[in-house]
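Understanding the architecture of this molecule
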There are 2 protein chains.
Amino acid sequence: MLQSTTNVLKNYIMLSSENSDKIAKIKDLDQIKQKEITISEYIFHRILQLGIKSIFGVPGDFNLKFLEHIYNVKGLNWIGCCNELNASYAADAYAKACQKMGVVFTTYGVGELSALNGIAGAYTEFAPLLHIVGTSALKLKRNPNPINLHHLAGNRKTYLKSDHYKYERIAGEFSVDSASLEDNAEEACEMVDRVILNVWRNSRPGYIFLPCDLPDMKVDSSRLQRPIELEYEIKSSLSKIDSIVDKILEKLYDAKNVSIIFDEFIRKFRMEKEFKALVEKLDNKVNLYSTTYSKGLVSELHPRYVGNYFGKYEKPVADLVESSDLVLHIGKFAHEINDGMFTFNIEQKKQINLSAQYIEIGEEFDENTNMMEILPALASKIDASKISESAKHVKPKTSYDLKEESGEPQEFPLMEQNIIKALNENIRDDDILIVETCSFLFAVPEIKIKNARLILQAYWASIGYALPATLGASLALRDFNLPGKVITVEGDGSAQMSLQELSSMIRYNIDATMLILNNSGYTIERVIIGPTSSYNDINSNWQWCDMLKCFGDVKSEKSESYKITKAEELYSTLSDNTIYNNGKFKLLELMLPMYDVPHKLSAFTSK
Amino acid sequence: MLQSTTNVLKNYIMLSSENSDKIAKIKDLDQIKQKEITISEYIFHRILQLGIKSIFGVPGDFNLKFLEHIYNVKGLNWIGCCNELNASYAADAYAKACQKMGVVFTTYGVGELSALNGIAGAYTEFAPLLHIVGTSALKLKRNPNPINLHHLAGNRKTYLKSDHYKYERIAGEFSVDSASLEDNAEEACEMVDRVILNVWRNSRPGYIFLPCDLPDMKVDSSRLQRPIELEYEIKSSLSKIDSIVDKILEKLYDAKNVSIIFDEFIRKFRMEKEFKALVEKLDNKVNLYSTTYSKGLVSELHPRYVGNYFGKYEKPVADLVESSDLVLHIGKFAHEINDGMFTFNIEQKKQINLSAQYIEIGEEFDENTNMMEILPALASKIDASKISESAKHVKPKTSYDLKEESGEPQEFPLMEQNIIKALNENIRDDDILIVETCSFLFAVPEIKIKNARLILQAYWASIGYALPATLGASLALRDFNLPGKVITVEGDGSAQMSLQELSSMIRYNIDATMLILNNSGYTIERVIIGPTSSYNDINSNWQWCDMLKCFGDVKSEKSESYKITKAEELYSTLSDNTIYNNGKFKLLELMLPMYDVPHKLSAFTSK
């Protein structure tokens, strides 16, 4: 007899509660001596209770009073970024790396708008980001007279009052919740808690707007004794969940050749444990496929891992997936870059999709339930003995593999294919690989990421992301005591967007590796349109290996830079454990031919 | 008898037409051979017809097809910036320096949102900025199905269609007009022309959204034979204008002690000629005062120029202005920084305000007319013989002057007061002084700018503006064959926001001077809150004098960097004509004490 769904969910909820308990322990409640604390301290304590230690941002005169209170909350570190966009990227990657939350602080108008592209990216890519903005004073917001305050965007009519809520409305376009705090202390605390919970539940940005005359408002500290319970809301009835799970199981038991695609929402909605329980139970009877985003979630060394489904651009894999009689797609995160450029091609009736906002069984679509409700029960109820064993496949060779084996000499001493090889051989377990939206992004489907993790921002695709993301992800590993290091592949055209954040690698002693692809401009664009057009050029004479010195590491005490012109140099540098473990920031400038791109990018652009 | 207003306006309109003719000549219409050209070429030709040669931006896959057409329009130069925010700042300063328009190109979503802070700044500060965005394809905008395209912000519900117009709506918050082009060629051309005219008329940003499947759409080239007539719309009847002018004249003739405040909207709305005609006619009978923004519009050497009105923070000047029996404030641009931090204090009944969106005579407020309608007629009709001669004032000494004369030894070998002196003595006629929103901003009211020009962005106050603005303003001088050079004062905390654009100084051979105030962090914030708080620190170990080498000028062929530790070194470097004329980019790193700020900033923050 099947274990009852009620028990499953009870266990699941208990598991979440355990988490909460653990979080509560992290926070040292003893440090709160007074019954009344400021709203600023309240917010900082709530952040600390999540286990977060690093918060990112840029100070400005509307958030200074607020930031002063950070020194009353032991354990939080202010990470001062060079600008707000970079801060938002860093916080986004922090959120992705620790899977809890990233926090970014900006000042009214100028600061929050500078960060907006990063926030929209977090919204689109599902990163739980808490954006706290120090706004104009509540007394000015409420004052009916026009006051032409700095940072307040002018009214269309210069003689009328400007709109103090304009930025808050815009933020609403890229966030799941927001709290525009006013002078009711209890309500303010409730709103803060609600936003934090909603950011976590939806894995998307939320805002707290704190007017600059409120940071000292007193609130009751006793609320902090009860940590925010980070749990998903189970909206469906247990009988409904039961019946959906049974329907899925029926299909799984009927099918002869099930394929499972594991996808990125598993990670973004923190369902790895439940997913891995399911895989464990499947007892190696069905084949497993990653998407480009989810690579590494199941080790590529797993006996049933077949390959990366990238639609028609990896045809041998696509043929296997698409010929299955049932495809269970778990954690489906559907977008252009994750869908093989819109070339996934599985008959609708053969699909079961578990996503974060819906469940789809064949033609039946249900937006009132989701993976978080269904997957725990499914993992618990499934009986592998009733599942037919699928044929085992030899892992199809990727176009990179075929090229490697061809033995044909390569045209240049260092090419992007060498980076694939260098990564395949040298990514360590638990490392985080960050790949910029640059030409090399199209190599990701072919990289053997094994037991490492991957961070991409390729759906939102804002170039310049990866550099500050390296800062954020590295700090998350440090703060949460996670193993591994960050290794980043960054384009030169991309790196110039956010260059100054290299300074923070020195300032905050970041131990990571960054490969800068020096190929003299926007190579990814050159292969789309305008191969020789001047708009695709950059100032290609930058002295990358001197940058970290310029940013203050004059004696190379905290960093090392390498100019790499040959494949062998790349292999030997990345495989060197002394270098890997030297505790410094490692910048590798790779001298690449201008038109060299991964095979998949050529295939895509030539279509 | 008074010259009739009809004739005055006729002359005024003719003058504008002359301008249009001149513009038409600039453009080489001969280069258009075909009757049909693409909409892209049409847009580029319209820009060229304004006399603009440099257009700023970052390429992206949604604007590449569009940018390809730039090579069909001789005379336009693509200025590839390192990121979009920097590009918007550069274009803003270009607009301010040439007083015509700045143009910035971005790509869908990521690019346009990155630029948004700069656009909001141009909106707030009245810079005519044309922002052209390459958007998602029209066929996708019209397609009802959800397509999760890169750069398209995800829908709140992942399974629903994302909103392709979200960014256009947001742009509407910071622009005066926009054209979302579709596939009707004639209508598209009309919209482009309308937006350009409205940008110019309102001196604020406007948008053209060009879907990425439209750049090759054919349009009729013959429209280009008729240049866009850059004229203000005269909405008031001539009799109304006449009666307003008469009312103003009556007050002017009745008063015994008229003061004129000339303000920045004169420049922003291109009324210098009319304003100078008025000053000429006044025959030195009344006293003239600048605001912080308008300094230099009347030479500080003018016999009737008394000083800079900065409210209570420059009391001797305020006493003179506020004791006048009538104050004619021309080109009024009212905001915190230009109003002496909200301390302008003139009795309402004594005020006549001519602004860009209204006229105010005592208590009478009229939003249906403006300075552009009234000033030409006023300048034409005024009869100086009827105006009482005001008492002549000795220019009051500023707090800086008093300090200079006190003879007391200064505390440190190099301080911000030395920069005031260095600028006072070394700004050349026609130079453009750009001052960042940094501690030194509060020295601007005391700088003797004489016949130079000033560019500030202190109302919007987005730090990081001045560095890319130096690029934009320098290119405007070059493109429009204007005399003078740019000299910029930039804080270190500010410079790190937009640092990478130093690269463009090398790439585009910019001949300008930049003073970097190395005072180890956000000094302006330290004197507000948190003098020793870590959030006001930056990585203060940057090697500023090596930066330009890092950005490619390895042999210092295009730039020179100076580390300056003593006042005398600053004076000798800025006064050296050989250095001034060396054609290179000059970076002066000034080593300043951490808490040294101009007197006015201390006065303001101590209140």
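Residues numbered from 1 in each chain as written. Chains lettered and ligands numbered in written order. Predicted model: local features only at pLDDT ≥ 70, side-chain atom pairs only at ≥ 80, totals over all residues. Heavy atoms only, no water.

**Describing the overall build of chain A**
- Along the backbone of chain A there are 24 helices and 21 strands.
- Relative to the globule expectation of 25 Å for 607 residues, the C-alpha radius of gyration of chain A, 25 Å, shows essentially globular dimensions.
- Taking the principal axes of the C-alpha coordinates as reference, chain A spans close to 70 × 70 × 50 Å.
- A burial count over chain A gives 68% of its 607 residues as buried.
- Surface summary for chain A: the accessible area is close to 20,300 Å², and the carbon and sulfur share equals 50%.
- Put simply, chain A has 69 plus and 82 minus side-chain charges, and the middle of one group is 2 Å from the middle of the other. (Helix = DSSP H or I, 4+ residues; strand = E, 2+ residues; numbered from the N terminus. Rg over C-alpha atoms; globule rule 2.2 N^0.38 Å. Buried < 20%, exposed > 50% of the residue type's maximum accessible area, 1.4 Å probe, protein only. Areas by Shrake-Rupley, 256 points an atom, 1.4 Å probe, with all protein chains shown as cover. Lys, Arg positive; Asp, Glu negative; His and termini not counted. Charge placed at Lys NZ, Arg CZ, Asp CG, Glu CD.)

**Describing the pattern of salt bridges**
Residues and elements named next belong to chain A.
- If you walk through the whole model with that rule in mind, you get 63 salt bridges over all chains.
- Close ionic contact of aspartate 193 with arginine 46 constitutes a salt bridge, the shortest N to O distance being 3.0 Å. Placement of aspartate 193 in helix H9 (residues 185-202) and of arginine 46 in helix H2 (residues 39-49) is noted, with a sequence separation of 147 residues between them. Taken as a pair, aspartate 193 and arginine 46 share a single burial class, namely buried.
- Across the pair lysine 381 and aspartate 246 runs a salt bridge, and its minimum N-O distance is 3.2 Å. Of this pair, lysine 381 sits in helix H14 (residues 371-381) while aspartate 246 sits in helix H10 (residues 238-254), placing them 135 residues apart in sequence.
- The exposure class of lysine 381 is buried, given its relative accessible area of 5%. (Salt bridge = Lys/Arg side-chain N within 4 Å of Asp/Glu carboxyl O.)

**Examining the domain arrangement of chain A**
Residue and element names in this part refer to chain A.
- Domain boundaries in chain A define domain 1 (32-225), domain 2 (238-386) and domain 3 (399-606).
- The straight-line distance from the C-alpha centre of domain 2 to that of domain 3 is 31 Å.
- In this assembly, 17 residues from domain 2 lie in contact with 21 residues from domain 3.
- Both faces combined, the contact of domain 2 with domain 3 buries some 1,700 Å², and carbon together with sulfur accounts for 64% of it. (Domains from an automatic or database assignment. Contact = heavy atoms within 4.5 Å. Buried area = accessible area lost by both parts, 1.4 Å probe.)

**Here's the deal with the pairing of strand S12 (residues 326-330) of chain A**
Residue and element names in this part refer to chain A.
- Counting buried positions along S12 yields five of five residues, so the element is predominantly enclosed.
- Because side chains alternate across S12, one face comprises the buried residues Leu326, Leu328 and Ile330, and the other comprises Val327 and His329, equally buried.
- Examined bridge by bridge, strand S9 (residues 258-262) and S12 share five bridges and lie parallel to one another. In the sheet register, phenylalanine 262 faces S12, and the bridge partner there is isoleucine 330.
- Inspection of the sheet shows S12 paired to strand S13 (residues 351-354) by four bridges, in the parallel sense. The residue of S13 that forms the bridge with histidine 329 is asparagine 353. (Pairing = 2+ DSSP bridges.)

**Things to note about the interface of chain B and chain A**
- Listed by partner, the interface residues are 92 residues for chain B and 92 residues for chain A.
- Interface area for chain B against chain A, summed over the two sides, is near 7,600 Å², with a carbon-plus-sulfur share of 57%.
- Linking chain B with chain A are four salt bridges.
- The partner of lysine 166 of chain B in a salt bridge is glutamate 173 of chain A, and the shortest N-O contact between them spans 3.7 Å.
- The tally of links between chain B and chain A comes to 63 residue pairs in polar contact (both at pLDDT 80 or more).
- For the side of chain B that touches chain A, the leading source of residues is helix H6 (residues 116-125) of chain B, giving five residues. (Polar contact = N/O pair within 3.5 Å; in protein donor to acceptor, adjacent residues only side chain to side chain.)

**Considerations on helix H12 (residues 272-282) of chain B**
Residues and elements named next belong to chain B.
- Turning to H12, its buried residues number three or more, namely Glu272, Glu274, Phe275, Leu278, Val279 and Leu282. Down the axis of H12, the buried set is contained in an arc of 170°. They therefore lie on one face. Pointing more than 90 degrees away from the buried face of H12 are the exposed residues Lys273 and Glu280.
- Immediately downstream of H12, the backbone of aspartate 283 shows phi near 55°, a positive value. (Arc of directions from axis to C-beta.)

**What about the sheet that holds strand S21 (residues 585-591) of chain A?**
Residues and elements named next belong to chain A.
- Ordered by their spatial adjacency, six strands build an open sheet running S17-S16-S18-S19-S21-S20, and the pairing between neighbours is parallel. Two strands close off the open sheet at either side, each with one partner strand: strand S17 (453-455) and strand S20 (559-564). Pairwise comparison of adjacent strand axes, ignoring direction, gives a mean angle of 15° for this sheet.
- Both strand S16 (residues 432-435) and S17 contribute to a ladder of three bridges, which runs parallel. Within the sheet, the bridge partner assigned to leucine 433 lies in S17 and is leucine 454.
- Here helix H16 (residues 416-426) sits on the sheet in contact with S16, strand S18 (486-491), strand S19 (512-518) and S21, set at roughly 165° to S19. (Axes fitted to C-alpha atoms, helices over the stretch in contact; angles between N-to-C directions.)

**Description of helix H4 (residues 84-98) of chain B**
All names here are of chain B.
- The first and last C-alpha atoms of H4 sit 21 Å apart over 15 residues, in line with the 21 Å expected at 1.5 Å per residue.
- Across the 15 residues of H4, 15 count as buried, placing the element largely inside the fold.
- For H4, the N-terminal cap is asparagine 83; the gap from its side-chain oxygen to the backbone nitrogen of leucine 85 is 3.3 Å.
- Phi turns positive one or two residues past the end of H4, at glutamine 99, with a value near 60°. (Expected span 1.5 Å × (residues − 1).)

**Side note on the UniProt feature "domain: Thiamine pyrophosphate enzyme N-terminal TPP-binding" (unreviewed entry) in chain A**
- In this structure's numbering, the residues bearing the UniProt feature "domain: Thiamine pyrophosphate enzyme N-terminal TPP-binding" (unreviewed entry) are residues 38-140 of chain A.
- Measuring from the first to the last C-alpha atom of residues 38-140 of chain A gives 21 Å, for a span that is 48% helix and 21% strand. (UniProt positions renumbered as here; feature names shortened; annotations may be inferred.)

**Some words on the packing of H4 of chain B against helix H17 (residues 466-479) of chain B**
All names here are of chain B.
- H17 packs onto H4 with a crossing angle of 40° between their chain directions and a minimal axis gap of 7 Å. On the basis of their axis angle, the class for H4 and H17 is oblique. Between H4 and H17 lies a crossing whose hand is right-handed. Side by side, H4 and H17 meet where Asn86, Tyr89, Ala90, Ala93, Tyr94, Ala97 and Cys98 of the first sit next to Pro468, Ala469, Leu471, Gly472, Ala473, Leu475, Ala476 and Asp479 of the second.
- Here the residues of the contact of H4 with H17 sort into 12 nonpolar, two polar and one charged. (Parallel < 35°, antiparallel > 145°, perpendicular 65-115°, else oblique. Left-handed = near helix turned anticlockwise from the far one by under 90°. Nonpolar A, V, L, I, M, F, W, Y, C, P; charged D, E, K, R; others polar.)

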